[in-house]
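# Coordinate inspection notes
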Amino acid sequence: MMSERSGSLQSLRRTNQERLFSLLLNRGPTHRAELARLAGVSRTTVSTIISELLERNLVIETEPPAGKRLDGRAREVLTINPAAGAAAGLDFTLRNIDVFITDLAGQPLGNAGATIQADASWTDRAAAALALLDNLLDEARLSRPDLIGVGVGVPGQIASATGTVGPSLPGQAWVGVNVPHEFGQRLNVPVLVENNTRLESVAEIMHGAGRGAQNLFYFGLSSGIGTGMFFNGELYRGAVGGAGELGHMSVDIDGPACPCGNRGCLIQYAAVPAILETLRPRFGAEVTIEEILDAADAGDRACAGVLSDAGQLVGRVLANICNLLNPERIVVGGELARAGDILLNPMRTSLQRYAMALSREVELVPAQLEHGSRAGALGGAALVLRETPGLASILLRGAALT
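Only a predicted model underlies this, so the values are computations on that prediction, with no experimental measurement involved.

## Considerations on the packing of aromatic side chains
Following the criterion strictly, the structure yields six aromatic pairs and no others. Between W122 and W174, the ring centres sit 6.0 Å apart and the planes meet at 45°, which makes this aromatic pair tilted. You can see W122 sitting in helix α4 (residues 122-139) and its partner W174 sitting in the loop between β6 (147-154) and α5 (179-187), a full 52 residues away along the chain. We note that W122, like W174, is buried. Aromatic pair F217 and F219: ring centres 6.3 Å apart, planes at 45°, arrangement tilted.

The structure is reproduced here in structure tokens:
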């Protein structure tokens, strides 16, 4: 009987530990009294548990933000020790691999990237990314056991139930791969997998132009056109993980056939390959999107006109999105966002023209995390901090890094 009672008390104590730790993870700096109220436990219980967490260096005391001062006094607040663990993000596009590591406050500890052959296998891509990750951890004086989780970004649709990458356009290395399983075996930490663009949206809502928004629509105009959607602050994936394929929304049912099987997809008119194809007769077969954007910025009317046409078409699609979803903010990312108002102003005009009155009350802004800044990898690390199941338990089982 005594053994059962002891086990029950230990279980209750562990539950209270996880509850208090989760509150600190989700709410940030918090006073002891507020913790007790939110957790529904006594101040004595809070004091006992917090004393142990302070001793283990999992929690630290800091000066409160101005909005959390009690009765005009400073009085210390409790917060998670940023050095109590590290999160990593790995992002894979057709030719690039990006890696980012952060502390538990989401502050960067290091990042790196590499290029890879477009036809490289997923195993080669994984090996290259893990080599970059190990180098970054070594530079930060950390090792793999210090990681609390890894967020991995890959192209294409991902089955929510399994983390397996679904059928996609031809040539994608990750089709059929169960990403959490494969990376989990290699790293022995929790692994989350997401579409690249959704990870960029996570980075923007945590660190960029999406901060403070609860209902956000992010889309990236690059070689593809994908989206990340947040409703009431939560990332939306759809019933089975297939939400967000804006690029394969048909804008002309009599348009050219798309490799996805549809006709007249938006990607065929407003993505990077479409822009290049339209302007190759003027600039030659080897022209790059960087050259097109530089020419438009320098006043080239042909380049500006093609980008403006793309913006108008995308704006019309966004008007339908606004009528359906009513986001408070739209963030435009990807390579083409570098065009700035040459692209965005026609987009805004078209959105205002075609959206209904209430729906058109939406901000449309460029991404703050520029293309090439490893936003997807940063989003992978942020996703770990936002969504890793049982994160409080993982941290409580581990040891502080300092």
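## Some words on the nonpolar core
One finds F219, I330 and M347 to be the most contacted residues of the largest nonpolar core, which totals 46 residues. If one sorts the elements of this core by residue count, helix α10 (residues 301-325) sits on top with eleven residues. With residues up to four places along the chain from it excluded, the contact list for M347 reads F219, L221, G311, Q312, V314, G315, L318, V332 and L364. Membership of the second largest hydrophobic core comes to 33 residues, among which are W122, A126, L130 and W174.

## Remarks on the environment of R13
Within the secondary structure, R13 sits in helix α1 (residues 2-27). Residues R13 and A173, 160 residues apart in the sequence, show an inter-C-alpha distance of 47 Å. Dropping the residues within four chain positions of it, R13 is found in contact with I49 and E52.

## Description of the sheet that holds strand β5 (residues 108-115)
Pairing is mixed in the open sheet, where five strands are placed in the order β5-β4-β3-β6-β7. Each having just a single partner strand, β5 and β7 (191-195) make up the two edges of the open sheet. The sheet shows a mean angle of 15° between the axes of neighbouring strands, direction not considered. Where strand β3 (residues 86-92) lies against β6, six bridges are found, and the strand directions are parallel. Along β6, the bridge assignment pairs D91 with G153. On top of the sheet, α4 reaches β3, β4 (96-103), β5 and β6; it is set at about 35° to β4, its chief contact. Set on the sheet, α5 makes contact with β3, β6 and β7; between it and β7 the angle comes to about 140°.

## Remarks on the sheet that holds strand β11 (residues 329-333)
The strand order β10-β9-β8-β11-β12 describes an open sheet built from five strands, whose pairing is mixed. Across the chains shown, the open sheet's two edge strands, defined by having one partner strand only, are β10 (234-236) and β12 (363-366). Put simply, the sheet's adjacent strands are angled 25° from each other on average, direction ignored. Where strand β9 (residues 225-231) and β10 come together, three bridges link them in antiparallel fashion. Each residue of the ladder has a partner; that of M229, found in β10, is Y236. Strands β8 (216-221), β11 and β12 of the sheet are contacted by helix α11 (residues 341-354), whose axis makes an angle of about 165° with β12.

## Let's talk about the pairing of β11
The buried fraction of β11 is high, at five of five residues. Both faces of β11 are covered, namely the face carrying R329, V331 and G333 and the face carrying I330 and V332. One ladder, built from five bridges, connects β8 with β11; its direction is parallel. Bridge pairing in β11 links L216 to R329. With four bridges connecting them, β11 and β12 associate as parallel partners. The partner of I330 across the bridge, within β12, is L364. Once the chain exits β11 it traverses α11 before rejoining the sheet at β12, and the crossover so formed is right-handed.

## Observations regarding the pattern of salt bridges
In the structure shown here, the tally under the stated rule is 13 salt bridges. Across the pair E277 and R280 runs a salt bridge whose closest N-O atoms are separated by 2.9 Å. A residue pair is termed a helical-turn pair when its members lie 3 or 4 positions apart in one helix, as E277 and R280 do in helix α8 (residues 272-283) at three residues. One continuous salt-bridge network, built from bridges that share partners, spans E194, R198, R237 and E387.

## Here we look at the packing of α8 against α10
Two numbers describe a pair of packed helices, the interaxial angle and the distance between the axes. Put simply, α8 and α10 touch, their axes get as near as 11 Å, and they point 165° apart. By the angle class used here, α8 and α10 are roughly antiparallel. Classified by chirality, the crossing of α10 by α8 is right-handed. Counted together, I275, T278, L279, R282 and F283 of α8 and A302, C303, V306, L307 and A310 of α10 form the full contact between these two elements. Classifying every residue of the contact of α8 with α10 by side-chain character gives eight nonpolar, one polar and one charged.

## Brief notes about the side chain of R329
Mapping R329 onto the fold places it in strand β11. Within the structure, R329 has its side chain in polar contact with the backbone oxygen of R211 (distance 3.0 Å). Within the local environment of R329, its side chain forms a polar contact with the side chain of E363, the two groups lying 3.0 Å apart. With residues near it in sequence (within four places) discarded, R329 still touches A209, G210, R211, A213, N215, L216, F217, V362, E363 and V365.

Here is what the cut-offs are and how they apply
- Residues numbered from 1 in each chain as written.
- Predicted model: local features only at pLDDT ≥ 70, side-chain atom pairs only at ≥ 80, totals over all residues.
- Heavy atoms only, no water.
- Phe/Tyr/Trp six-rings, centres within 6.5 Å; stacked < 30°, edge-to-face > 60°.
- Helix = DSSP H or I, 4+ residues; strand = E, 2+ residues; numbered from the N terminus.
- Buried < 20%, exposed > 50% of the residue type's maximum accessible area, 1.4 Å probe, protein only.
- Core = buried A, V, L, I, M, F, W, Y, C linked by side-chain atoms within 4.5 Å.
- Contact = heavy atoms within 4.5 Å.
- Pairing = 2+ DSSP bridges.
- Axes fitted to C-alpha atoms, helices over the stretch in contact; angles between N-to-C directions.
- Right-handed = clockwise from strand over helix to strand, strands pointing away.
- Salt bridge = Lys/Arg side-chain N within 4 Å of Asp/Glu carboxyl O.
- Parallel < 35°, antiparallel > 145°, perpendicular 65-115°, else oblique.
- Left-handed = near helix turned anticlockwise from the far one by under 90°.
- Nonpolar A, V, L, I, M, F, W, Y, C, P; charged D, E, K, R; others polar.
- Polar contact = N/O pair within 3.5 Å; in protein donor to acceptor, adjacent residues only side chain to side chain.

Scope: geometric values only; no functional claims are made or implied.
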